[in-house]
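Close look at the chain arrangement
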Amino acid sequence: MDSGNAAWMLTAAALVFLMTPGVAFFYGGMVRAKAILNMLMLSVAALAVTSVVWTFWGWSIAYGGDSIAGIFGDPIKGFLLHDVMKPVDGVFTSVDGADAPYPHSIDVAFQATFAMITVALITGALAERIRFSTWMIFVALWITLVYAPMAHMVWNGGLLSADGAISKLLGASAHDFAGGTVVHINAATAALVAVLIIGKRKGFGKEPFRPHHVPFVMLGAFLLWFGWFGFNAGSAFAANGTAGYAWVSTTAATAAATLGWLFTERITTGHYTAMGAASGMVAGLVAITPAADVVSPLWSMVIGLIAGIVTYFACSLKYKFGYDDSLDVVGVHGVGGVTGTVLIGLFGEGTGLLAGGSCHQLAVQIVIALVAIAYSGVLTAIIVFALQKTMGWRVSEHQEIEGIDIAEHGERAYDFTSTVNAVFKEVK
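First things first, this report covers the structure right here in the doc. (Residues numbered from 1 in each chain as written. Predicted model: local features only at pLDDT ≥ 70, side-chain atom pairs only at ≥ 80, totals over all residues. Heavy atoms only, no water.)

In this section: the packing of aromatic side chains. How two aromatic rings sit relative to each other is given by the distance of their centres and the angle of their planes. Summed over the entire model, instances satisfying the criterion amount to 21 aromatic pairs. Where W299 meets F347, the ring centres are 4.3 Å apart and the plane angle is 5°; that geometry is what we call stacked. Remark: F347 occurs in helix 12 (residues 329–347) and W299 occurs in helix 10 (residues 297–314); sequence separation between them is 48 residues. F347 sits in the buried class, given a relative accessible area of 4%. Among the aromatic residues, those joined into a cluster by ring pairs are F110, F114, W155, W228, F231 and F237. (Phe/Tyr/Trp six-rings, centres within 6.5 Å; stacked < 30°, edge-to-face > 60°. Helix = DSSP H or I, 4+ residues; strand = E, 2+ residues; numbered from the N terminus. Buried < 20%, exposed > 50% of the residue type's maximum accessible area, 1.4 Å probe, protein only.)

The end-to-end C-alpha distance of helix 3 (residues 104–122), which contains 19 residues, comes to 29 Å, matching closely the 27 Å that a straight helix rising 1.5 Å per residue would cover. Burial of helix 3 is extensive: 17 of the 19 residues sit out of reach of the surface. (Expected span 1.5 Å × (residues − 1).)

Another point: the layout of surface pockets. Put simply, the largest pocket is a space of about 750 Å³. Taken together, 30 residues line the largest pocket, and the ones lying closest to its centre are M275, C315, K318, Y319 and D328. Among the secondary structure elements, those contributing two or more residues to the lining of the largest pocket are helix 1 (3–30), helix 8 (241–269), helix 9 (274–288), helix 11 (317–321) and helix 12. The element that contributes the greatest number of residues to the lining of the largest pocket is helix 9, accounting for 4 residues. Tallied by class, the residues present in the lining of the largest pocket amount to 15 nonpolar, 8 polar and 7 charged. (1 Å grid on protein atoms, 1.4 Å probe; cavity = no way out; pocket = protein on both sides within 12 Å on 5 of 7 lines; lining within 4 Å. Points joined across faces, edges and corners; volume = space filled by probe spheres on them. Nonpolar A, V, L, I, M, F, W, Y, C, P; charged D, E, K, R; others polar.)

You can see S60 is positioned in helix 2 (residues 36–64). A polar contact is formed between the side chain of S60 and the backbone nitrogen of G78, at a distance of 2.8 Å. Aside from chain neighbours lying at most four places away, what touches S60 is G65, G73, D74, P75, I76, K77, G78 and F79. (Polar contact = N/O pair within 3.5 Å; in protein donor to acceptor, adjacent residues only side chain to side chain. Contact = heavy atoms within 4.5 Å.)

Let's shift gears to the packing of helix 7 (residues 214–233) against helix 9. Where helix 7 contacts helix 9, the two axes come as close as 9 Å, and the packing angle between them is 15°. With respect to their mutual orientation, helix 7 and helix 9 come out roughly parallel. For the element pair helix 7 and helix 9, the recorded crossing hand is left-handed. Taking contact as the criterion, the partners of V214, V217, M218, A221, F222, L224, W225, W228 and N232 in helix 7 are, on helix 9, A274, M275, A278, M281, V282, L285, V286 and I288. Broken down by class, the residue content of the contact of helix 7 with helix 9 amounts to 16 nonpolar, 1 polar and no charged. (Axes fitted to C-alpha atoms, helices over the stretch in contact; angles between N-to-C directions. Parallel < 35°, antiparallel > 145°, perpendicular 65-115°, else oblique. Left-handed = near helix turned anticlockwise from the far one by under 90°.)

What follows covers helix 12. Between its first and last C-alpha, helix 12 extends 25 Å over 19 residues, near the 27 Å set by a 1.5 Å rise per residue. Helix 12 sits mainly inside the fold: 16 of its 19 residues count as buried.

Moving on: the environment of A413. Structurally, A413 can be placed in the loop between helix 15 (404–409) and helix 16 (416–427). Taking the C-alpha atoms as reference points, A413 and W8, 405 residues apart in sequence, are found 37 Å from one another. With residues near it in sequence (within four places) discarded, A413 still touches I36, L37 and D405.

With that out of the way, let us pick up the nonpolar core. Counting residues in hydrophobic clusters, the biggest one holds 126 residues, and the most contacted among them are W54, I122, W135, F138 and W142. The residues touching W135, leaving out its near neighbours within four places in the chain, are L42, A45, A46, V119, I122, T123, L126, I130 and W393. (Core = buried A, V, L, I, M, F, W, Y, C linked by side-chain atoms within 4.5 Å.)

Position of L285 among the secondary structure elements: in helix 9. Sequence-wise, L285 and S249 are 36 residues apart; in three dimensions their C-alpha atoms are separated by 9.7 Å. With residues near it in sequence (within four places) discarded, L285 still touches L224, W225, W228, T250 and T254.

Attention now moves to the pattern of salt bridges. The final tally for this structure, using the stated rule, is 8 salt bridges. Here R201 and D324 are joined by a salt bridge, their closest N and O atoms 2.9 Å apart. You can see R201 sitting in the loop between helix 6 (180–198) and helix 7 and its partner D324 sitting in the loop between helix 11 and helix 12, a full 123 residues away along the chain. The exposure class assigned to R201 is buried, which follows from its relative accessible area of 6%. Taken together, the shared-partner salt bridges in this structure form one network comprising R32, E128, R129, R201, E207 and D324. (Salt bridge = Lys/Arg side-chain N within 4 Å of Asp/Glu carboxyl O.)

So, in structure tokens, the structure goes:
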């Protein structure tokens, strides 16, 4: 075993795990004060339910079994990780890369954190209106039927992989380094489908839904940027030059996206806002994710700049088309994920249209993005409809107005009553 690589991958797994609490604070600060605990709890469910499902059969569907039709692995072969966690002659089985052998269990941990953060991203579209119990069942079904098969298709030699049928048909190797399709397009598509079925919050488009705690939003964005080094650099699966390259690409693109968003915001509104900075950071992180290992520093910044500008305008589409994507999952993760995935076809070193002179890479990147959207959309619609007809998704209108924190969790994040009473007492 290479202890250096093993240590790095454990660290990367811990960094990616931190991203889900980062999402919780990022989204939590954006909602109204009466809904922040629910926002945080939705991420708790993403962590807890995903961990259990991943241990039982999620890992096996994604990585542990033989490919079935290039779409998913055998859920039985790796059930309860019996082919991963069981020592052979006193030594655990290992993932053996060219220069990165480390225990197989570390890879299980690393990939579990990707599943957690992906389903947690969806919560931003459903803020302030869904039942916690329904969400927990959704997480279990979605990880099983959507996320794990998508991970298999892209990262385990399936339909959307570099060795898959689409790549062979179009004459170029599909590329998704760390999750443009598996994570961001997947989550954003699911978010859009869920929103269309579940419906809008009361007052959407008629009254403002202002963030109650912008410092929380900034804290979440900074935690996400920090955790993303595990997300992207960890996807090198070794402490090597690719990891360093991905680290630099990630930072360059994110910085450019932040500036792109802020300058666009300044031109259109006259202000550089903290909310804009946080959103621009996340947009850049999303866009560089699939491309972090195959684009030059210059093209990394170009991808980030494009993503920052495009996602800024994309976030206003929900008002034009009337879908209540509460915290802009579709605008940032969907549009950003598609942008990064497709731009590999232009800027990928040696393969992209501008950096390699061939249109084949562009074609395959567009097709895998479309297939990912179609698969996630159809399967998510089935899951959401089924839960709508059985458990129901929405809290009552009265509970939504009063505040979902009280309705679902019996708690408030802030004790305003005591504060007001104390002020009155001082005045008297």
